[in-house]
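Understanding the architecture of this molecule
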Amino acid sequence: MAIKIDIQKTQKSRIDSVDFDNLPFGHVFSDHMFECEFKDGKWQSAVIKEYAPISLSPAAKIFHYGQSIFEGMKAYKDADGKTMLFRPLDNCKRLNKSAERLVIPEIPEDIFMEGLKTLLEIDSDWIPTKEGSSLYIRPFMFASGEGFHASPADEYKLIICTAPSGAYFAGEVKVLIEEKYARAANGGVGFAKAGGNYAAQFYPTQLAIDKGYQQVIWTDDNTHQFIEEAGAMNIFVRINDTLITSPTSDRILDGITRKSILQIAADTGIETEVRKISVGEVVEAAKTGKLKEMFGAGTAAVISPIAGFGFKDEDFDLPELENPFASQLKKRITDIQTNKAEDPYGWRVFV
Ligand code: PLP
Ligand code: COI
């Protein structure tokens, strides 16, 4: 690999204080983190050290101009104790796509993969084995270089932290179809995992939470007539027996779970369509009983069924089905992720 990793292991692991049977999502952090610095025009040597606060200049451009991107991945352990990642190179490639849009230097794939794998080897005991739990991995890159000039920084950091985690959603998920706010616009950064995209979602999401929903269904910024994403997930709608998802665009994140579901569905005989989905069509299908399922898909949330949605002061409940597509697809994808089933796609990567 292009650079050397300095390994500084902690003298005192915190693992004994963790209740692995009752893990929240993303709130308990493993012992170590990987950190690599971009300085003087190149990625410098990297370190794996104790998970701890970092020190930054108050003038670091991350604070002022939001040059910050991240990824979300998971590591799993199989019955033999082997550690696996799911399509990790896709995350690295998407991180670099986000980096290009935010004028952050791209991270070479070998540094990313080597740093990640070494970190997972060191913190291997932190990977939960309980069904439904996993080690959530959060790689992120941000502008650490200082200056108030509104231009890209000259220094950056890549940090990878991990958090043994349980389910993202605690209970039932009801969503509100958004008619006023937008999470992304044409020509903007919606396709990138830029931190600011999420900050901009908090206010409209809070308004939805205040009305009793858990998430917002984002619609297109121009007409609000087409549904695009569900919170921090891609959205799937089942009308009769066809599973439909919106095409990716520069407003929509090209989700790795989304594309895996499309592949699995095609191979298991579920009819799929990738096309624009109008709000009118979804409401009409709900009224006529043709709307069978809606679910969100993403690394953190895996496949999260939507129990109902609100639109223009009216609530629509989804039916409870015997063997919904959401359960079938979730089983198939998690079986592949955790090595309980063959992986004909080569998605699993052993560490
Ligand atoms: N859409 C948004 C806005 C997200 O933040 C995420 C999460 O990563 C997804 C979709 C799902 O993407 P993936 O399946 O790659 O995690
Ligand atoms: C993920 O699914 O990994 C994400 O990045 C979503 C996040 C906002 C929790």
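Residues numbered from 1 in each chain as written. Chains lettered and ligands numbered in written order. Predicted model: local features only at pLDDT ≥ 70, side-chain atom pairs only at ≥ 80, totals over all residues. Heavy atoms only, no water.

To continue, consider the pattern of salt bridges. A side chain with one charge may pair with a side chain of the opposite charge, provided their charged atoms come close. Inspection of the entire model under this criterion finds 20 salt bridges. Here Lys49 and Glu35 are joined by a salt bridge, their closest N and O atoms 3.3 Å apart. Remark: Glu35 occurs in strand β2 (residues 32-39) and Lys49 occurs in strand β3 (residues 42-50); sequence separation between them is 14 residues. By relative accessible area, Lys49 is classed as partly exposed at 25%. (Salt bridge = Lys/Arg side-chain N within 4 Å of Asp/Glu carboxyl O. Helix = DSSP H or I, 4+ residues; strand = E, 2+ residues; numbered from the N terminus. Buried < 20%, exposed > 50% of the residue type's maximum accessible area, 1.4 Å probe, protein only.)

Before going further, it helps to spend a moment on the domain arrangement of the chain. Assigned domains of the chain: these are domain 1 (6-165) and domain 2 (174-337). On a C-alpha basis, the centres of domain 1 and domain 2 stand 27 Å from each other. Contacts between the two partners involve 20 residues from domain 1, matched on the other side by 21 residues from domain 2. The interface formed by domain 1 and domain 2 contains one salt bridge. Measuring nitrogen to oxygen at the nearest pair gives 2.9 Å for the salt bridge that ties Lys259 to Asp90. At the boundary of domain 1 with domain 2, the tally comes to 11 residue pairs in polar contact (both at pLDDT 80 or more). Those elements that provide at least two residues to the side of domain 1 that touches domain 2 are β4 (68-70), β5 (73-77), β6 (83-86) and α2 (88-101). (Domains from an automatic or database assignment. Contact = heavy atoms within 4.5 Å. Polar contact = N/O pair within 3.5 Å; in protein donor to acceptor, adjacent residues only side chain to side chain.)

Contact pair α2 / helix α3 (residues 109-122): the axes reach a minimum separation of 10 Å and the direction vectors enclose 130 degrees. With respect to α3, the element α2 is oriented oblique. Seen along the crossing, α2 lies across α3 with a hand that is right-handed. For the pair formed by α2 and α3, the contact residues are Pro88, Leu89, Cys92, Lys93 and Leu95 on the first element and Glu109, Phe112 and Met113 on the second. Residues belonging to the contact of α2 with α3 are distributed by class as follows: six nonpolar, no polar and two charged. (Axes fitted to C-alpha atoms, helices over the stretch in contact; angles between N-to-C directions. Parallel < 35°, antiparallel > 145°, perpendicular 65-115°, else oblique. Left-handed = near helix turned anticlockwise from the far one by under 90°. Nonpolar A, V, L, I, M, F, W, Y, C, P; charged D, E, K, R; others polar.)

For the rest of this paragraph, the subject is α3. The first and last C-alpha atoms of α3 sit 20 Å apart over 14 residues, in line with the 20 Å expected at 1.5 Å per residue. Looking only at α3, the buried set comprises Ile111, Phe112, Met113, Gly115, Leu116, Thr118, Leu119 and Leu120. (Expected span 1.5 Å × (residues − 1).)

With that settled, consider the environment of Met141. Inspection of the secondary structure assignment puts Met141 in strand β7 (residues 134-143). Sequence separation between Met141 and Ile127 is 14 residues, and the spatial gap between their C-alpha atoms is 23 Å. Not counting residues up to four positions away in its chain, the partners in contact with Met141 are Trp43, Gln67, Ser68, Ile69, Leu95, Asn96, Ala99, Ile104, Pro105, Ile107, Lys157 and Leu158.

Close contacts around ligand 2 come from Phe70, Gly72, Tyr136, Arg138, Tyr168, Lys193, Tyr198, Ala232, Thr299 and Ala300, and that covers them all. Coverage of ligand 2 by the protein amounts to 89% of the 290 Å² it exposes when considered alone. Classifying every residue of the shell around ligand 2 by side-chain character gives six nonpolar, two polar and two charged. Mapping the shell around ligand 2 onto the domain boundaries places at least three of its residues in each of domain 1 (6-165) and domain 2 (174-337). (Near = heavy atom within 4 Å. Areas by Shrake-Rupley, 256 points an atom, 1.4 Å probe, with all protein chains shown as cover.)

Pairing geometry for strand β1 (residues 5-7) and β3, over three bridges, is parallel. Looking at the pairing, Asp6 lines up with Val47 of β3. Relative to β3, β2 runs antiparallel, the two being bridged by seven bridges. Its bridge partner being in β3, Met33 is matched across the sheet by Lys49. Counting the residues between successive antiparallel strands, the hairpin from β2 to β3 contains two residues, one of them, Asp40, with a positive phi of roughly 50 degrees. (Pairing = 2+ DSSP bridges.)

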